[in-house]
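Below, each chain spelled out in residue letters.
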Amino acid sequence: SGSGSLGNATLLCTILRMATGEWRIQLGRLVVDGTADDTIEPCGRVIVAALFHVVHLAENKREKFQINGSALLHLRNSLQDALHSTVQFLCQPITQPTDSSKSSQAIAGRVLGGLLTEFGVWDGLPNGVSTDETLKALSAALRYTDK
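As the structure is a computational prediction, the values presented were derived from the model and not from experiment.

S.K.: I tried to follow the side chain of Thr20 on my own but got confused; where do I start?
M.R.: Turning to its location among the elements, Thr20 is positioned in helix α1 (residues 10-33). Of the residues examined, Thr20 reaches a relative accessible area of 1% and is grouped as buried. Excluding residues that lie within four positions of it along the chain, Thr20 makes contacts with Ile47, Ser78, Asp81 and Ala82.

Below, the structure is given as structure tokens:
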């Protein structure tokens, strides 16, 4: 989608898409070699903040800032990508666990919790994300955030 079709949500869509892409890259690095750079926590924060911002806008219809249909689809696709990446990450064993990877697992657990407040396990998950995998990831997330 072109930026013109996203209306006044272009910046929000762009930032979320960039954060989601970097999130996926960093989670992949963690699975392969147990390392990630300092962007993983800020990416997780951007994903959750964008999710809550969109929910707030949806719940407060009188807001001056309205999101058009193209932007909503764009945001939903980015959030689904983040959900899918997070579930896949939490279901994978990390080959070389480090303090960084353990911290990142806890961050991923918090992001998963935020995403699942809107993508309900029982209401139907986005394509490519199974309920079994999501529950397994949620179980892993609870272990990681408990420490």
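On we go from here.
S.K.: So what exactly am I meant to see when it comes to the nonpolar core here?
M.R.: The tendency in soluble globular proteins is for nonpolar side chains to be buried side by side. The biggest cluster of nonpolar side chains holds 41 residues, and the ones touching the most others in it are Trp23, Ile47, Ile67, Phe89, Leu90, Leu112 and Leu115. Counting residues per element, the ones that place at least two in this core are α1, α2 (40-59), α3 (69-91), α4 (99-116) and α5 (131-146).

S.K.: Just checking my understanding: could you explain the layout of surface pockets for this structure?
M.R.: Which parts of space are left empty comes out when a probe the size of a water molecule is rolled across the atoms. The space that makes up the largest pocket amounts to roughly 200 Å³. Around the largest pocket, the lining comprises 10 residues; the ones closest to its centre are Leu51, Val54, Arg76, Leu79 and Glu118. Only α2 and α3 provide two or more residues apiece to the lining of the largest pocket. Of the residues that constitute the lining of the largest pocket, the class distribution is 8 nonpolar, no polar and 2 charged.

Thresholds, definitions, all that
Residues numbered from 1 in each chain as written. Predicted model: local features only at pLDDT ≥ 70, side-chain atom pairs only at ≥ 80, totals over all residues. Heavy atoms only, no water. Helix = DSSP H or I, 4+ residues; strand = E, 2+ residues; numbered from the N terminus. Buried < 20%, exposed > 50% of the residue type's maximum accessible area, 1.4 Å probe, protein only. Contact = heavy atoms within 4.5 Å. Core = buried A, V, L, I, M, F, W, Y, C linked by side-chain atoms within 4.5 Å. 1 Å grid on protein atoms, 1.4 Å probe; cavity = no way out; pocket = protein on both sides within 12 Å on 5 of 7 lines; lining within 4 Å. Points joined across faces, edges and corners; volume = space filled by probe spheres on them. Nonpolar A, V, L, I, M, F, W, Y, C, P; charged D, E, K, R; others polar.

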